[in-house]
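Next come the chains, spelled out residue by residue.
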Amino acid sequence: MSDVLVVEPGAALRGRVQVPGDKSISHRALLFNAFAEGRASVTGLLDADDVRSTASCLCALGATLGEGEVIGVAGRFTEPQDVLDCGNSGTTMRLLTGLLAGQPFHSVLTGDATLRRRPMRRVSAPLRLLGAHIDGRDQGERAPLSIRGQRPLRGLRYDSPVASAQVKTALILAAMQAEGELVFSEPYVSRDHTERLLGAMGVVIHRDGARLVVPGGQVPRAVDVVVPGDISSAAFFLVAASICAGSELVLEGVGLNPTRDGVLEALDAMGADVRRENERLVSGEPVGDLRVRAASLRGVTIGGGLIPRLIDELPVLAVAAAFAEGETLIRDAQELRVKESDRVATTVGLLRAYGVEAEERPDGLRVVGRGAAGLRAASVATEGDHRVGMAAAVLALGLPAGVGPSTVQNAGCIRTSFPTFPALLERLRAR
Ligand code: S3P
């Protein structure tokens, strides 16, 4: 992929497309099967940098990963010979920290400059309470993280201050290796792919809303996984087709897990025309096709329990808001500030570059939508954030024909989650 993405405005998008595999489920399919007893096939795995980071860390820990197959270590990894590099992937680092907390050896996790800036105390602090020795820069807040795992770990009662599936999953993975039980709660239910997949692997997790109880001493059994399409990747095309007149797309086989489908609820409230078709269950996850047609959008307020269900889609929803009529307010989204970039700042920056009226709020942003008229072409930097890069490309596509092409600089970061995005966008433009 070239490092500069040039996007011509004013084309309708038409056709059928399969978006790549879900990133969250791809990480989990590899991590959990690598730790499990037995062997499993994984199909539809996302082929992108983040998942490669997970795969290479797991190989360094003694698991065997072949073409579409994982052979697990039956609960016992081997001490890695070198530092484990998680690249740009927060999910890799936080979930591995949970697994390694219960492994009786020393390991060090690092990542790229972006990942080394992201907060890790949210996992290192509760994992220490379980008995693991975890340290890192800034008192365990930043990678590189040094982990000396303990066997067995202790039980823990923990009320997480953030609704984060990465925190929840790290604790569940450690708790499976404990002698006591984990009693966990979070302010809102975060994505539940872990509970679904570990459940299919025979791990007992008692669930009651945003509260979980995980008994200790459990080793998962390997299970085959078919990974659905990523709704977070589909979101770029849902918004692109909504804002480009004359568009109609069918996105096939998209994961529609109710803890992840907030983008559909938000787009519906904005007046978008998105229909679910052919709904089914695949590997314990709800899946369906999404048919989207261009529509006039209106501004909305997005906040509260909806936020964890669409957190990764907020940059592109802010782009939708720019093309809507009226004001959109995104609140209760402080977590945006600690993603691959400070997404409040980077999203407002990209909107303003195109002439959109937008402002930062401590916990979100405000966007004043006035439709496409008055917007201009721009050259925007991604700040190394894949979703900001793709959101910038979608905005450029929706500009009025005649404003000329826009450029997304440092677009290589899109490889993190969606390497085929530029090619797909090109293919779907109606000629
Ligand atoms: C993820 C959880 C979310 C999400 C991230 C992937 C996961 O992060 O933003 O892209 O796979 O568990 P948090 O757990 O920090 O909310």
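Residues numbered from 1 in each chain as written. Predicted model: local features only at pLDDT ≥ 70, side-chain atom pairs only at ≥ 80, totals over all residues. Heavy atoms only, no water.

A. Representation of the overall build of the protein chain within the structure. Scanning the protein chain for helices and strands turns up 14 helices and 23 strands. Taken over the C-alpha trace, the protein chain has a radius of gyration of 21 Å; the compact-globule value for 431 residues is 22 Å, and the two agree within 12%. In terms of overall dimensions, the protein chain has a C-alpha envelope of 65 × 40 × 40 Å along the principal axes. Here the protein chain holds 431 residues, and the buried ones make up 60% of them. (Helix = DSSP H or I, 4+ residues; strand = E, 2+ residues; numbered from the N terminus. Rg over C-alpha atoms; globule rule 2.2 N^0.38 Å. Buried < 20%, exposed > 50% of the residue type's maximum accessible area, 1.4 Å probe, protein only.)

B. The domain arrangement of the protein chain, seen in detail. According to the domain assignment, the protein chain contains domain 1 (4-20 + 228-428) and domain 2 (23-213). With centres defined by C-alpha atoms, the gap from domain 1 to domain 2 works out at 29 Å. In this complex, domain 1 contributes 26 residues to the contact, which on the side of domain 2 involves 22 residues. At the junction of domain 1 and domain 2, the tally comes to four salt bridges. Between Arg122 and Glu335 there is a salt bridge, and its shortest N-O distance comes to 2.9 Å. Only strand E17 (285-293) and helix H13 (386-397) provide two or more residues apiece to the side of domain 1 that touches domain 2. (Domains from an automatic or database assignment. Contact = heavy atoms within 4.5 Å. Salt bridge = Lys/Arg side-chain N within 4 Å of Asp/Glu carboxyl O.)

C. Structural context of unusual backbone geometry. A cis amide bond links Ala143 with the next residue in sequence, Pro144, at an omega value of 0 degrees. Its place among the elements puts Pro144 in strand E9 (residues 142-148). The step from Arg151 to Pro152 runs through a cis peptide bond, and the omega angle for that step is -10 degrees. Positive phi, normally seen in glycine, also occurs at Asp138, with a value near 55 degrees. Looking at the secondary structure, you find Asp138 in helix H5 (residues 137-140). Phi is positive for Ser283, close to 50 degrees, though the residue is something other than glycine. Here Ser283 is to be found in the loop between strand E16 (273-282) and E17. Assessed through its relative accessible area of 37%, Ser283 is described here as partly exposed.

D. Helix H6 (residues 165-175), seen in detail. Counting buried positions over the 11 residues of H6 gives 11, a clear majority of the element. Every buried residue belonging to H6 is among Ala165, Gln166, Val167, Lys168, Thr169, Ala170, Leu171, Ile172, Leu173, Ala174 and Ala175, and all of these are buried. Measuring from the side-chain oxygen of the N-cap residue of H6 to the backbone nitrogen of Gln166 gives 3.2 Å; that N-cap residue is Ser164. (Polar contact = N/O pair within 3.5 Å; in protein donor to acceptor, adjacent residues only side chain to side chain.)

E. Expanded view of the packing of aromatic side chains. Within this structure, the stated rule accounts for five aromatic pairs. Here the aromatic rings of Phe236 and Phe421 are separated by 6.0 Å at their centres, their planes lie at 70 degrees, and the arrangement is edge-to-face. Note that Phe236 is positioned in helix H8 (residues 231-243) and Phe421 in helix H14 (residues 421-428), a separation of 185 residues in sequence. Judged by centre distance (5.5 Å) and plane angle (65 degrees), the rings of Phe418 and Phe421 are edge-to-face. Note on accessibility: Phe418 and Phe421 belong to one class, buried. By the ring-pair criterion, three or more aromatic residues cluster together here, those being Phe236, Phe237, Phe418 and Phe421. (Phe/Tyr/Trp six-rings, centres within 6.5 Å; stacked < 30°, edge-to-face > 60°.)

F. Molecular detail of the site of the ligand. Lining the immediate surroundings of the ligand are Ser24, Arg28, Thr91, Arg94, Ala163, Ser164, Ala165, Gln166, Arg191, Ile311, Asp312 and Lys339. Here an oxygen atom of the ligand sits 2.7 Å away from a polar atom, N or O, in the side chain of Arg28. Within the backbone of Ala165, one N or O atom sits 3.0 Å away from an oxygen atom of the ligand. Compared with its free state, where it exposes 380 Å², the ligand has 94% of that area covered by protein. Looking at the shell around the ligand, the elements that each hand over two or more residues are helix H1 (23-35), helix H3 (90-100) and H6. Class assignment of the residues belonging to the shell around the ligand gives a composition of three nonpolar, four polar and five charged. (Near = heavy atom within 4 Å. Areas by Shrake-Rupley, 256 points an atom, 1.4 Å probe, with all protein chains shown as cover. Nonpolar A, V, L, I, M, F, W, Y, C, P; charged D, E, K, R; others polar.)

G. Up close: the environment of Leu197. Tracing the backbone through its elements, the reader meets Leu197 in helix H7 (residues 193-200). For Leu197, a relative accessible area of 9% corresponds to the buried category. Sequence separation between Leu197 and Ser283 is 86 residues; the distance between their C-alpha atoms is 8.1 Å. Apart from residues no more than four positions distant in its own chain, Leu197 is found in contact with Arg28, Ala29, Phe32, Val223 and Val225.

H. Just the sheet that holds E16, in detail. Taken in spatial order, the four strands make up an open sheet running E2-E15-E17-E16, and their pairing is mixed. Looking at which strands have only one partner, the edges of the open sheet turn out to be strand E2 (14-18) and E16. Taking the axes of each pair of neighbouring strands and ignoring which way they run, one obtains an average angle of 15 degrees across the sheet. Bridge analysis of E16 against E17 gives eight bridges, and the strand direction is antiparallel. Among the inter-strand pairings, Leu281 is bridged to a residue of E17, identified as Pro286. (Pairing = 2+ DSSP bridges. Axes fitted to C-alpha atoms, helices over the stretch in contact; angles between N-to-C directions.)

I. Structural detail: the packing of H1 against H7. With their axes 10 Å apart at the nearest point, H1 and H7 run at an angle of 35 degrees to one another. Where H1 crosses over H7, the two elements pack in a sense that is right-handed. For the pair formed by H1 and H7, the contact residues are Ser24, Ile25, Arg28, Ala29 and Phe32 on the first element and His193, Thr194, Leu197 and Leu198 on the second. Here the contact of H1 with H7 is built from residues that sort into five nonpolar, three polar and one charged. (Left-handed = near helix turned anticlockwise from the far one by under 90°.)

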